[in-house]
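Residue-level structure breakdown
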Amino acid sequence: MADDTLGEAGKGLAVQFDAAPADVAALYDDWVTTRYDADLAAWGYRAPDRAADMMSKLISTSTSAAPVLDAGCGSGLVGAKLQRRGLVPIIGGDFSAASVEAARSRGIYSDVVYLDLNRPLHFADGAFRAVASIGVFSYLTDSEATIRELLRIVQVGGPVVFTQRTDLWDERHFAQLLGDLGDEGVCDVTISPPEPYLPLHPEFGSAIGIRYVTLTRR
């Protein structure tokens, strides 16, 4: 598949993890209003389905009425899969204004809010029964701070499910970070083996996958 069939957002996508937060927001503001959903479908993006299946198994027996948070919801692809599995209500959040509007337009969220995961979150402790943050962590500047915030806002016993790219896993010391959190007694940690991310994208293919991480708050 030639690069010129992917749209401009597809070129250099793999190196966007190093962009400043404002530049990432600008990228998504443009991309989500043009080819975002179509591009991801063309690149074989299956993470929303995979994450929603994981979440369904983790919280299907929960009696909590608290909402699920889709943190970094983009255009709402993950939220749509969560809703299909009956994991409602869902609150979405993103720091791209265009993504917030696109997610709202799907009609699947009880609310969609501006949410910058690089900063402390405005939600109360234990506000959510579960949190999903899929395809987001490659853009975050302080992974530990964000993870601790997501654990703070999920209920005790609730899961936080997120992904991280395989090429950034060692570079950002995720094994050490997650091991330390487990040793600290903050959460239980489950990490998947590497799985496909964007298998039909020319920069990702089989070279860059993702790991799915499940943190269960203690």
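That block above? That's the structure.
This write-up is about the structure you can find in this document. (Residues numbered from 1 in each chain as written. Predicted model: local features only at pLDDT ≥ 70, side-chain atom pairs only at ≥ 80, totals over all residues. Heavy atoms only, no water.)

**So, helix 1 (residues 21–31)**
As a reminder, the rule being used: Here the term buried applies to any residue with accessible area under 20% of the maximum for its type, exposed to any over 50%, and partly exposed to those in between, with areas from a 1.4 Å probe on protein chains only. Secondary structure elements are taken from DSSP: a helix is a run of H or I of four residues or more, a strand is a run of E of two residues or more, and numbering for both begins at the N terminus. By arc we mean the arc of the directions from the helix axis to the C-beta atoms, nothing more.
Three or more residues of helix 1 are buried, namely Val 24, Ala 25, Leu 27, Tyr 28 and Trp 31. One side of helix 1 carries all its buried residues, which in axial view fall inside an arc of 160 degrees.

**Examining the packing of helix 6 (residues 143–153) against helix 8 (residues 174–184)**
Using the following cut-off: Here, axes are lines fitted to C-alpha atoms. For helices the fit covers the stretch in contact, and angles between N-to-C directions go from 0 to 180 degrees. An angle below 35 degrees is treated as roughly parallel, one above 145 as roughly antiparallel, one from 65 to 115 as roughly perpendicular, and anything else as oblique. Should the near helix be turned anticlockwise from the far one by less than a right angle, the crossing is left-handed, and should it be turned clockwise, the crossing is right-handed. Whether two residues are in contact is decided by their heavy atoms, any of which lying within 4.5 Å being enough. Classes in brief: Ala, Val, Leu, Ile, Met, Phe, Trp, Tyr, Cys and Pro nonpolar; Asp, Glu, Lys and Arg charged; the others, Gly included, polar.
For the pair helix 6 and helix 8, the least separation of the axes is 11 Å and the interaxial angle reads 40 degrees. One finds that helix 6 runs oblique with respect to helix 8. At the point where helix 6 passes helix 8, the crossing takes the right-handed sense. Here Ser 143, Glu 144, Ile 147 and Arg 148 of helix 6 come into contact with helix 8, specifically with Phe 174, Leu 177, Leu 178, Leu 181 and Glu 184. Considered class by class, the residues forming the contact of helix 6 with helix 8 number 5 nonpolar, 1 polar and 3 charged.

**Side note on helix 5 (residues 97–105)**
For helix 5, every residue scored as buried is listed here: Ala 98, Ser 99, Val 100, Ala 102 and Ala 103. The secondary structure elements touched by the buried residues of helix 5 are helix 1, strand 2 (90–94) and strand 3 (111–114). Positive backbone phi, approximately 75 degrees, marks Gly 107, located one or two places after helix 5.

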